[in-house]
Amino acid sequence: MSAQTQAKKQLKEYTRDEVAKHNKKGDCWIIIDAQVYNVSKFVELHPGGESVFYDEDVAGQEATETFFGLHRHEVLLKPQYQRLIIGKIAGEESKIKPLPLGSISPVPYGEPTWLQPKFYTPYYNDSHRRLQREVRAYVDTQIVDIAQACEANGKRPDLALVKDMGAKGLNAMRMGPGKHLHGRKLFADIKPEEFDYFHELVITQELVRCAARGFGDGLNGGMVIGLPPILNFGSDELKAEIVEPVLAGDKFICLAVSEAFAGSDVMGTRTFAQKQDDGSYIVNGTKKWITNGMFADYFTTLAKTDDGFAVLCIPRTEGVETKQIKTSYSTTAGTAYITFDNVRVPAKYVVGEDGLGIQIVLSNFNHERWVMCCSTIRSSRAVCEQVMLWINQRKAFGKSLSSQAVVRQKLGALLSQVEAAQAWLEVVTYQMCKMSYKEQSIHLAGQVAFLKAWSTRVSHEVADSSVQIFGGRGITKSGMGKFIEEFNRTYKFDAVLGGSEEVLSDLGVRQALRFMPDNYKL
Ligand code: HEM
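Only a predicted model underlies this, so the values are computations on that prediction, with no experimental measurement involved. Sequence positions are assigned chain by chain, starting from 1 and proceeding in written order. In keeping with the predicted nature of the model, local features appear solely for residues at pLDDT of at least 70, side-chain atom pairs appear and are counted solely at 80 or more, and the whole-chain, interface and lining totals rest on all residues.

## Comments concerning the overall build of the chain
As a reminder of what qualifies: Only DSSP runs of H or I with at least four residues qualify as helices, and only runs of E with at least two residues qualify as strands; both kinds are numbered from the N terminus onward. Within these notes, the globule rule equals 2.2 Å times the number of residues to the 0.38 power, and the radius of gyration is based on C-alpha atoms. Exposure classes come from backbone-placed C-beta atoms, where a residue is buried if 20 or more other C-beta atoms lie within 10 Å of its own, exposed if 12 or fewer do, and partly exposed in between. Each residue gets a C-beta atom placed from its backbone, and two residues are in contact if those atoms lie within 7 Å.
What the chain contains, in helices and strands, is 20 helices and 15 strands. Taken over the C-alpha trace, the chain has a radius of gyration of 26 Å; the compact-globule value for 522 residues is 24 Å, and the two agree within 12%. The C-alpha extent of the chain, read off along each of the three principal axes, is 90 × 60 × 45 Å. Buried positions account for 43% of the 522 residues belonging to the chain. Excluding contacts between residues fewer than 6 apart, the proportion of contacts in the chain whose partners are at least 24 apart in sequence is 73%.

## Quick look at the pairing of strand 12 (residues 336-345)
This is how it is decided: Strand pairing requires that DSSP identify at least two bridges connecting the strands.
Bridge count for strand 8 (residues 281-290) against strand 12 is seven bridges, and the pairing is antiparallel. For isoleucine 290, the partnering residue across the bridge sits in strand 12 and is alanine 336.

## What to know about the domain arrangement of the chain
Interface extent is often summarised as the accessible area lost during association of the parts. Here is the rule we go by: Residue ranges for the domains trace back to a domain assignment, done automatically or taken from a database.
Entries for the chain in the domain assignment read domain 1 (3-89), domain 2 (113-219), domain 3 (253-355) and domain 4 (365-514). Relative placement of domain 3 and domain 4: their C-alpha centres are 31 Å apart.

## What about the nonpolar core?
The criterion, for reference: A set of buried residues qualifies as a nonpolar core if it consists of Ala, Val, Leu, Ile, Met, Phe, Trp, Tyr and Cys joined through C-beta atoms within 7 Å.
Residues Cys210, Ile253, Val283, Leu312, Cys313 and Ile314 are the most contacted members of the largest nonpolar core, which totals 111 residues. No other element matches helix 14 (residues 357-393), which puts 14 residues into this core. When neighbours within four sequence positions are excluded, isoleucine 253 is seen to be in contact with Gly222, Met223, Gly226, Leu227, Ile242, Val246, Ala296, Asp297, Tyr298 and Thr300. Residues Trp29, Phe53, Ala63 and Ile89 belong to the second largest nonpolar core, which totals 15 residues.

## Re unusual backbone geometry
Phi is positive for asparagine 292, which is not a glycine, with a value near 70°. Looking at where asparagine 292 falls in the secondary structure, it is placed in the loop between strand 8 and strand 9 (298-305). One non-glycine residue, asparagine 342, adopts positive backbone phi at about 50°.

## A short note on the site of the ligand
Heads up, the rule is: In this analysis, residues qualify as near a molecule or strand once their C-beta atom, positioned from backbone atoms, comes within 6 Å of it. Polar here means any residue outside two lists: the nonpolar Ala, Val, Leu, Ile, Met, Phe, Trp, Tyr, Cys and Pro, and the charged Asp, Glu, Lys and Arg; Gly therefore counts as polar.
Close contacts around the ligand come from 20 residues, with Pro47, Gly48, Val52, Tyr81 and Gly479 the closest. A breakdown of the residues in the shell around the ligand according to their chemical character gives 12 nonpolar, six polar and two charged. The two domains that each donate at least three residues to the shell around the ligand are domain 1 (3-89) and domain 4 (365-514).

## A few points about the packing of helix 14 against helix 15 (residues 405-434)
Selection rule: Only the stretch in contact is used when fitting a helix axis, every axis being a line fitted to C-alpha atoms; angles between N-to-C directions are given from 0 to 180 degrees. In these notes the angle categories are as follows: under 35 degrees is roughly parallel, over 145 is roughly antiparallel, 65 to 115 is roughly perpendicular, and the rest is oblique. The hand of a helix crossing depends on one turn: near helix anticlockwise from the far one by less than a right angle means left-handed, and clockwise means right-handed.
As a packed pair, helix 14 and helix 15 sit with axes 10 Å apart at the nearest point and diverge in direction by 155°. Accordingly, the angle class assigned to the pair helix 14 and helix 15 is roughly antiparallel. Judged by the sense of rotation from one axis to the other, the crossing of helix 14 with helix 15 is left-handed. Between helix 14 and helix 15, the contacting residues are Trp370, Cys373, Cys374, Ile377, Ser380, Arg381, Cys384, Val387 and Ile391 on the first element and Val407, Leu411, Leu414, Leu415, Val418, Ala421, Gln422, Leu425 and Val428 on the second. In the contact of helix 14 with helix 15, the residues fall into 15 nonpolar, two polar and one charged.

## Thoughts on the sheet that holds strand 3 (residues 27-32)
Spatially, 1-5-4-3-2 is the arrangement adopted by the five strands of the open sheet, whose pairing is mixed. Among the strands making up the open sheet, the edge pair consists of strand 1 (12-14) and strand 2 (23-24). As paired elements, strand 2 and strand 3 share two bridges and run antiparallel to each other. Following the sheet pairing, asparagine 23 is matched in strand 3 by cysteine 28.

The structure is reproduced here in structure tokens:
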């Protein structure tokens, strides 16, 4: 017999009439989910006040519905509140259970269709399913608590976690398919040669379930966008120095492109790298909003040169300074303002060729934007799941919120958009699996640009309507709407970083115009 079953067995049984006698100050019991709580002393400590317990519908009474209209279930699960349980109602059993860690949400639309029972998919096979199960279990048991703690205290993500992800092959898998996986033991025993963009999508979408946007970027977001130029264009010498230590979690890297002077318009970059006679460069300039910059050992930096632009992977060395920028998400992301003052960078740190800097940075953008689509679409779904739960358990104007047509209409619009976004994402991902990297840059740059711009418009709708449905709780950092508040504070990151919505919509149309037939007219 498990300890839990034994504890249940030992609970004293009461009738509802017996509980009803304890209905006053100094002697107050309530029933929540068939369990009897003695709150006589707790009332004075209750964050929601003492008087609420003395209502005639609460003291000595069934308070399940009232409780779940005001609190998240996690409140009841805390040990200090579990201690208030003195018994159970005779002949009744508790029904409300937290989901076992690692499990699939039973809430309709709480998961992408391919994970819902009874739905079919042309895209995902057994290895994707195995990966999903194992990453979910890993996230739920190893990451969520750290994510929530770091999001709150602003400290950088735990090194032990990053190293563990490195040892398990997860850091390498987050870089997508490619040669860097060859010969490597991967998480969930995925064979390196079968790893595709759907595997990467699974990892990205599972990681964002932590609902801690700053931590999500803090957890090696810099690697995801800063390492590809080295992998794709770096010399063997550069790769030998950087790739393995970064994938192992021993060293950290970030992408340093945007500046106070230039965001989406990368051509406006002012940081200058002056070539010296010995082939080295002296770099001067600044970079802004650099994710992981605070703790990066290497900065994959776009700089102007006499030959146009170059990408230099600048090690943290004399003349490099990083200052924390406080953005609307947590400082756990390590977002930095960087100054390069006469930094001497040896020639071996030039990535690819001097003069090809813009092409190198642009070639990275498709993948970076697609990763952002994966995460923002999955985060929007997680918010919809919170809304579903809320409207099902909250009453207003004497009726359940779910019985109000206006609420259902708003939610219907959100669910449709999230479903459509995921479906489009999967179509694009399928194309990525079939096309070479070069074909992707020709045929998918526009699609990915549109998808990202549209995904963040969907996030915008989700943020807006969810807060309207949650009301004040949607703008409160703790309590029932805490994830709605977090989403509202952070969803704009994806709408701005990696190309703003406006720039991307324009890019998509310009890409399409390039392929207009000149022998076909209206
Ligand atoms: C064992 C029973 C209870 C426990 C352990 C408990 C615990 C808590 C805690 C920890 C909070 C603050 C965190 C949060 O906002 O979620 C809170 C808030 C609150 N509680 Fe309770 N509570 C209990 C029962 C009740 C009952 C029966 C009522 C109503 C009759 C109630 C009314 C409230 C209210 C109004 C708030 C403020 C909520 C808000 O600001 O949105 N609580 N409670």
